[in-house]
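Fold and geometry: a report
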Amino acid sequence: MDSLTIIETKDELVTKLKEEIERRAKNAIEDHNEFRVGLSGGSLVQYVSDVMSRSVTGLEKWKIFFCDERFVEESQSDSTYGCYKRALLDGQIFLKEEQFVKIDIKLSLDDCARDYERRILKEFNCSDSQMPKFDLLILGMGPDGHTCSLFPEHNLLKETKRLIAAIDDSPKPPSQRITMTLPLINNASCCLFVITGESKAVAVKQIISESSDTPYPVQLVKPVKGDLLWIVDITAAKFIKK
């Protein structure tokens with residue numbers, strides 16, 4: 001990884017995350033007049049929402065995608081878009097619904113994945129043979145080392161052609177999901193992991209020391225021409241020697 005930052009408090013974490021997001025957004029808007037960012041769910045919803053409530057500039061230039069999404073109605077608590085909608089669109093954050101590129105659950109699971117891939121290509125003005133390049137992907141990690149909906153020893157870790165894939169056997173409920181694949185993730189300008197909580201501490205230690213026998217899915221995130229940053233809170237980093 002290019003950078004590992006260990007954070008003591010939640011406020012410091014939000015401050016650090018805001019600095020990174022604003023820097024990437026500013027550079028992207030100056031370069032191509034839009035900031036294309038992929039968001040993850042779980043505890044990251046609160047952190048990203050806290051960042052965006054702190055007067056982030058240029059929000060009208062953001063286009064927001066999802067690194068993975070649960071195949072459920074947005075009214076359900078499992079919906080990542082639904083969580084962000086309730087935190088951001090229903091609050092005082094100056095974003096519009098059309099700035100979010102979300103999945104269409106009216107389709108079948110497989111068709112939903114294909115449709116989301118097509119719409120990402122369209123948003124980036126890419127042909128089928130081109131690879132979109134996100135300005136920033138904000139990623140999380142589970143205690144098992146999974147990121148997005150890419151789980152240990154799952155066949156999707158070997159996917160080389162599809163940018164977006166469907167998964168119907170997620171070991172973590174809900175079982176049906178849509179996820180970015182490694183080729184798309186690793187083409188990003190920056191992959192930023194935000195990892196919090198003591199349940200992640202063992203995995204973080206093994207990843208940092210590269211002592212695991214089988215690579216965790218997060219270890220397969222290696223941007224080809226981009227940055228790899230980790231922000232880890234003190235509980236998740238408890239086994240890291242300083």
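In short, a report on the structure. (Residues numbered from 1 in each chain as written. Predicted model: local features only at pLDDT ≥ 70, side-chain atom pairs only at ≥ 80, totals over all residues. Heavy atoms only, no water.)

**Things to note about the overall build of the protein**
Helices and strands together make up the secondary structure of the protein, namely six helices and nine strands. Expected size for 242 residues packed as a compact globule is a radius of gyration near 18 Å; at 17 Å, the protein falls within 12% of this value. Its C-alpha atoms give the protein principal-axis dimensions of roughly 45 × 40 × 35 Å. Out of the 242 residues in the protein, the part that is buried amounts to 53%. Residue pairs at least 24 apart in sequence account for 72% of intrachain contacts in the protein once pairs closer than 6 positions are excluded. Summed over its atoms, the accessible surface of the protein is roughly 11600 Å², and 46% of this surface lies on carbon and sulfur atoms. Positive and negative side-chain charges of the protein, numbering 33 and 38 respectively, have mean locations separated by a distance of 2 Å. (Helix = DSSP H or I, 4+ residues; strand = E, 2+ residues; numbered from the N terminus. Rg over C-alpha atoms; globule rule 2.2 N^0.38 Å. Buried < 20%, exposed > 50% of the residue type's maximum accessible area, 1.4 Å probe, protein only. Contact = heavy atoms within 4.5 Å. Areas by Shrake-Rupley, 256 points an atom, 1.4 Å probe, with all protein chains shown as cover. Lys, Arg positive; Asp, Glu negative; His and termini not counted. Charge placed at Lys NZ, Arg CZ, Asp CG, Glu CD.)

**A closer look at helix α2 (residues 44-52)**
Taken across its nine residues, α2 has eight buried, putting it largely inside the fold. Those residues of α2 lying buried are L44, V45, Y47, V48, S49, D50, V51 and M52. On its buried side, α2 packs onto α1 (10-32), β2 (35-39), β3 (62-66), α3 (80-89), β5 (136-139) and β8 (190-195).

**Some details on the environment of L136**
Within the fold, L136 resides in strand β5. Since its relative accessible area comes to 1%, L136 is described here as buried. Here the alpha-carbon distance between L136 and I21, two residues 115 residues apart in the chain, equals 7.9 Å. Beyond its immediate stretch of four places on either side in the chain, L136 contacts I21, F35, R36, V37, G38, C190 and L192.

**Here we look at the pairing of β5**
Side chains of β5 alternate between two faces, with L136 and I138 and L137 and L139 buried alike. Pairing of β2 with β5, which is carried by two bridges, proceeds in the parallel orientation. Of the residues in β5, the one forming a bridge with G38 is L137. (Pairing = 2+ DSSP bridges.)

**What to know about the sheet that holds β3**
The strand order across the open sheet formed by six strands is β1-β9-β8-β5-β2-β3, and the pairing between neighbours is parallel. Whereas interior strands pair on both sides, the edge strands pair on one side only; in this sheet they are β1 (3-7) and β3. In this sheet, adjacent strand axes meet at a mean angle of 20° when their direction is disregarded. With three bridges connecting them, β5 and β8 associate as parallel partners. Bridge assignment links I138 to a residue of β8, and that residue is L192. (Axes fitted to C-alpha atoms, helices over the stretch in contact; angles between N-to-C directions.)

**Focus on the pattern of salt bridges**
The tally for this structure, following the rule as stated, stands at 18 salt bridges. For E22, the salt bridge goes to K18, with nearest N and O atoms at 3.1 Å. Taken together, the positions of E22 and K18, both in helix α1 and four residues apart, correspond to about one turn of that helix. Overall, the relative accessible area of 24% leaves E22 in the partly exposed class. Relative accessible area serves as the criterion here: at 16%, K18 is assigned to the buried category. E74 is the salt-bridge partner of K102, the closest N and O atoms lying 3.4 Å from each other. With a gap of 28 residues between them, K102 in the loop between α3 and α4 (109-123) and E74 in the loop between β4 (68-70) and α3 connect regions that are remote in the sequence. (Salt bridge = Lys/Arg side-chain N within 4 Å of Asp/Glu carboxyl O.)

**Some points on the packing of aromatic side chains**
Enumeration over the complete set of coordinates arrives at nine aromatic pairs. With a centroid separation of 6.2 Å and 15° between ring planes, the pair formed by F66 and F100 is classed as stacked. Taken as a pair, F66 in strand β3 and F100 in the loop between α3 and α4 lie far apart in primary sequence, 34 residues in all. The exposure class assigned to F66 is buried, which follows from its relative accessible area of 3%. (Phe/Tyr/Trp six-rings, centres within 6.5 Å; stacked < 30°, edge-to-face > 60°.)

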